[in-house]
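Observations on chain architecture
Each chain, written out:
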Amino acid sequence: MISKLAKNIAHFFVVQKIVEESREAIYAYGMELLLSDVLNTLIVLLIAFISHTFPAVIIFTAVFMGLRKFVGGYHANRHLSCMFTLVAVMLIFSYGICNVPEKYAWVVSIGFVIISIPVVFNLAPISHPNKPVSDEKKVKLKKHSRIFTLLLSTFAFLLIMFRLNMISLYVSSGIFLSALAAVMGKCLNRR
């Protein structure tokens, strides 16, 4: 669906002489990525709005997406699979946030960080067959993934010290999901 819509938009650009015909496939691919990102963003915002977890979802998503850029990991092969995975993750996160009592949030947060740091340090970056990474880039990604994981983990601990346990939970959940995506990516890449 997204792919077909992207191709139609790119073709429209060619017909309107906005884009050269020889570059139609490139524009279709770019439009496909853009449409996918917009649709995924709308899904995240809709789930956050419906579940009344808007601030939590924004923090969680920002941490997860920011860190995932360096850690890598699991990538769905199709847009629809990506969307279903995203919906499942957001529903689990939103449900989990609603059901963790604030007095225990710091324990869960520390647990997530303690699990995530060794995973990121040992596995990251995880490339995907659809997104290969050069050896030179892997060295940079490994360094950045470690630095950002440590910075975000330190931030989560500081939030606990200032008794902002729920915000710490949102941050550490994003770190944990990045680590989980790395584990899933590593397992699936072995197949």
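Numbering of residues starts from 1 in every chain and runs along the sequence as written. Two thresholds apply to this predicted model, a pLDDT of at least 70 for residue-level local features and 80 or more for giving and counting side-chain atom pairs, whereas whole-chain, interface and lining totals are computed over all residues. Hydrogens and water molecules were not included; the side-chain quantities draw on all heavy atoms of the structure.

Here we look at the packing of helix α2 (residues 24–51) against helix α3 (residues 54–71)
The geometry of α2 relative to α3 is characterised by a closest axis approach of 8 Å and an angle of 145° between their N-to-C directions. Along the contact surface, α2 presents Val44, Leu45, Ala48 and Phe49, while α3 presents Phe54, Val57, Ile58 and Thr61. Split into classes, the residues belonging to the contact of α2 with α3 amount to seven nonpolar, one polar and no charged. Note on geometry: axes are lines fitted to C-alpha atoms, helical ones only across the stretch in contact, with angles between N-to-C directions running from 0 to 180 degrees. Numbering goes from the N terminus for both helices and strands, where a helix is a DSSP run of H or I of at least four residues and a strand is a run of E of at least two. Here, residues are in contact when the closest pair of their heavy atoms is within 4.5 Å. The classification used treats Ala, Val, Leu, Ile, Met, Phe, Trp, Tyr, Cys and Pro as nonpolar, Asp, Glu, Lys and Arg as charged, and all other residues, Gly among them, as polar.

A look at the nonpolar core
Within soluble globular proteins, side chains that are nonpolar generally end up buried alongside one another. As used in this record, nonpolar core signifies buried Ala, Val, Leu, Ile, Met, Phe, Trp, Tyr and Cys residues forming a set joined through side-chain atoms within 4.5 Å. Only protein chains enter the accessibility calculation, which uses a 1.4 Å probe; a residue whose area is less than 20% of its type maximum is buried, one above 50% is exposed, and one in between is partly exposed. In this structure, Val57, Met90, Phe93, Ile97 and Tyr170 are the most contacted members of the largest nonpolar core, which totals 19 residues. Here this core takes five residues from helix α4 (residues 79–99), the largest share from any one element. Once you skip the residues sitting within four places of it in the chain, Val57 turns out to touch Val44, Ala48, Met90, Phe93 and Ser94. Counting residues in hydrophobic clusters, the runner-up holds 15 residues, among them Val63, Val71, Leu152 and Ala179.

Brief notes about the side chain of Asn40
Position of Asn40 relative to the elements: it lies in helix α2. Apart from the residues within four sequence positions on either side, Asn40 is in contact with Cys82, Met83 and Leu86.

Quick word on the environment of Ser173
Mapped onto the elements of the fold, Ser173 is located in helix α7 (residues 165–189). Exposure remark for Ser173: the relative accessible area of 8% places this residue in the buried category. In contact with Ser173, other than residues within four places in its own chain, are Phe60, Phe93 and Phe112. Among the polar contacts listed, one links the side chain of Ser173 to the backbone oxygen of Leu169, at a separation of 2.7 Å. Under this definition, polar contacts are N or O atom pairs within 3.5 Å; protein pairs additionally need one hydrogen-donor-capable and one acceptor-capable atom, and for neighbouring residues in sequence, both atoms have to be side-chain atoms.

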